[in-house]
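Here's the letter readout for the chains.
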Amino acid sequence: MGILIRPVITEKATADSEDRNRFAFVVDKKANKVEIKKAVEELYGVNIEKVRTMLVPGKKKSRFTKNGVVSGSTGMYKKAIVEVRGGETIDLYSNI
């Protein structure tokens, strides 16, 4: 598995990419900012200005089933927001 796991495609991330030229990715928990910057630059062929990372905690989930209430939690993951140099962009939808 590589450093970049998948892009984050939500309303907030899409608006941020259109307005401020920032893109969000779910990355490996052990990856640092330098490794993330190199991976994005190699994969998409763009120049990265800044990388911000955050650890997103897991959430408690419960659902009602035939057998009663089943509870569990989602996993924690690391998210990176990369800022691309002005005039460049990343096309996340080209591989679909």
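Residues numbered from 1 in each chain as written. Predicted model: local features only at pLDDT ≥ 70, side-chain atom pairs only at ≥ 80, totals over all residues. Heavy atoms only, no water.

A.B. asks: Looking at this model, I keep getting lost on the overall build of the chain. Mind explaining?
C.D. replies: Per the secondary structure count, the chain includes two helices and six strands. In sequence order, the chain lays out its α and β elements as β-α-β-α-β-β-β-β. In summary, the chain has a C-alpha radius of gyration of 16 Å against a globular reference of 12 Å for 96 residues, an excess of more than 25%. Its C-alpha atoms put the chain at 55 × 25 × 20 Å along the principal axes. Counting over 96 residues, the chain shows a buried share of 27%. Within the chain, residue pairs in contact and separated by at least 24 positions form 60% of the contacts whose partners lie at least 6 positions apart. Measuring between centres, the 19 positive side-chain charges of the chain sit 12 Å from its 12 negative side-chain charges. (Helix = DSSP H or I, 4+ residues; strand = E, 2+ residues; numbered from the N terminus. Rg over C-alpha atoms; globule rule 2.2 N^0.38 Å. Buried < 20%, exposed > 50% of the residue type's maximum accessible area, 1.4 Å probe, protein only. Contact = heavy atoms within 4.5 Å. Lys, Arg positive; Asp, Glu negative; His and termini not counted. Charge placed at Lys NZ, Arg CZ, Asp CG, Glu CD.)

A.B. asks: Quick question: what am I supposed to make of helix 2 (residues 33–44) here?
C.D. replies: For the α-helix, the turn length of 3.6 residues means that residues three or four positions removed from each other point alike. Its 12 residues give helix 2 an end-to-end C-alpha distance of 16 Å, which sits within 8% of 16 Å, the value for a rise of 1.5 Å per residue. Three or more residues of helix 2 are buried, namely Ile36, Ala39 and Val40. Down the axis of helix 2, the buried set is contained in an arc of 95°. They therefore lie on one face. Among the exposed residues of helix 2, those pointing more than 90 degrees away from its buried face are Val34, Lys38 and Glu42. Structurally, helix 2 contributes buried residues whose contacts are with strand 1 (4–7), strand 2 (22–27), strand 3 (48–56) and strand 6 (77–84). One side-chain oxygen at the N-terminal end of helix 2 lies 3.3 Å from the backbone nitrogen of Val34; it belongs to Asn32. The first or second residue beyond helix 2 is Gly45, which carries a positive phi of 70°. (Expected span 1.5 Å × (residues − 1). Arc of directions from axis to C-beta. Polar contact = N/O pair within 3.5 Å; in protein donor to acceptor, adjacent residues only side chain to side chain.)

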